[in-house]
Amino acid sequence: MEAIFTVEWMKQVARQARAEGRLIGFVPTMGALHEGHLSLVRAARQQCQPVVVSIFVNPKQFGPSEDFSKYPRPIEADRAVLEAQRVEFLFAPTPAEMYPDGFRTHVSVEGLTERLEGRSRPGHFRGVTTVVLKLLEIVQPHLAYFGRKDAQQARVIRQMVRDLNLDTEIVVCPIVREPDGLAMSSRNAYLKPDERCAATVLFRALGTARQEIAAGERDAVRLVAAMRKLIDAEPLATADYVEIVDADTFEPVSRLRRGCLGLLAVFIGTTRLIDNMLVEEVEDSGSSFRVSL
Ligand code: PAF
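Here's a quick rundown of the structure.

Each value, and the rule that gives it
Residues numbered from 1 in each chain as written. Predicted model: local features only at pLDDT ≥ 70, side-chain atom pairs only at ≥ 80, totals over all residues. Heavy atoms only, no water. Axes fitted to C-alpha atoms, helices over the stretch in contact; angles between N-to-C directions. Helix = DSSP H or I, 4+ residues; strand = E, 2+ residues; numbered from the N terminus. Left-handed = near helix turned anticlockwise from the far one by under 90°. Contact = heavy atoms within 4.5 Å. Nonpolar A, V, L, I, M, F, W, Y, C, P; charged D, E, K, R; others polar. Buried < 20%, exposed > 50% of the residue type's maximum accessible area, 1.4 Å probe, protein only. Pairing = 2+ DSSP bridges. Right-handed = clockwise from strand over helix to strand, strands pointing away. Near = heavy atom within 4 Å. Polar contact = N/O pair within 3.5 Å; in protein donor to acceptor, adjacent residues only side chain to side chain. Areas by Shrake-Rupley, 256 points an atom, 1.4 Å probe, with all protein chains shown as cover.

## Some details on the packing of helix α9 (residues 201-214) against helix α10 (residues 220-232)
At a minimum axis distance of 9 Å, the contact between α9 and α10 shows a crossing angle of 145 degrees. Relative to α10, α9 is oriented so that their crossing is right-handed. Here α9 contributes V201, R204, A205, L206, T208, A209, E212 and I213 to the contact with α10, which in turn contributes L223, A226, M227, L230 and I231. When the residues that make up the contact of α9 with α10 are grouped by side-chain class, the tally is 10 nonpolar, one polar and two charged.

## Regarding the pairing of strand β2 (residues 25-29)
Summarising burial for β2: five of the five residues are buried, a large majority. Burial along β2 is two-sided: G25, V27 and T29 and F26 and P28, pointing in opposite directions, are all buried. Alignment of β2 against strand β3 (residues 51-55), held across five bridges, turns out to be parallel. By the bridge assignment for β3, F26 is matched with V52. Remark: the β2/helix α2 (residues 35-47)/β3 crossover connection has right-handed handedness. Two elements, β2 and strand β5 (residues 143-147), share two bridges in a ladder whose sense is parallel. Residue G25 lies in a different strand from β5, and its bridge partner there is L143.

## Quick notes on the pairing of β5
The buried fraction of β5 is high, at four of five residues. One ladder, built from five bridges, connects β5 with strand β6 (residues 169-173); its direction is parallel. Directly across from L143, in β6, lies its bridge partner E169.

## A look at the site of the ligand
In the neighbourhood of the ligand, the contacting residues comprise P28, T29, M30, N58, Q61, V131, F146 and Q153. Q61 places a side-chain nitrogen or oxygen 2.6 Å from an oxygen atom of the ligand. A distance of 2.7 Å separates an oxygen atom of the ligand from a polar side-chain atom of Q153. The fraction of the free accessible surface of the ligand (280 Å²) that becomes covered by protein chains is 89%. Partitioning the shell around the ligand into residue classes produces four nonpolar, four polar and no charged.

See the structure below:
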């Protein structure tokens, strides 16, 4: 694996791969790699060669009271993991390389970014879209891979790629979970042992909703209430939001429809975790729904 630290060097490698007619697959990350990231790397490897993984803890997507400085940065362990996955290129720029003095341009996707994560984390999506646009311009990937755990992020990035006519296809991959259902996240490392047990409440809440949907419940308000009740019963958990939204607009729905997402953000102690379920109407069934956790 070749580690690349500068924008110019990365652009040159990308230009050459494109000139050779190779299909560039890209997995953008902030490091602290886990099985969720590796599932994206594997998906990229199946379709592309070379695969580029970026590790960049993007200061612009953290609010002033968020965890930018304590965000885990186990760079040597991450490098070893990527070597073992036979990744061709690691792109690991410094903040000064990505945002040199005098940097002034930001990208915002309107509407989709104002609710849910956007409301709880003002400025977050502006930071995400700015860095992702820069990374796509630098790495020039044919395909870029994102996890469905960050469902709103994936939707916002798709919108940006469409609106700005970028030459990259966005691939969204399933959520990868621990054996007890907790969605993999670099922030799980912050959880103390009792919090780690309590953190399964997100998966349990989604599981309750899935059971109710299987039993015929279609009312989104009642499904949200059932999830909230479970979260409220967990002493270490505080719900930030629990919603069922249209998977395209991210606006709340009152009844299940063709494509919906059940979205949760929950504080476990001081650690904020998110999770979701995708609810899709089974084609031609009239009223039967498939729930993917
Ligand atoms: O999902 C993440 O890890 C980050 O938001 C991303 C896409 C790498 C941008 O910094």
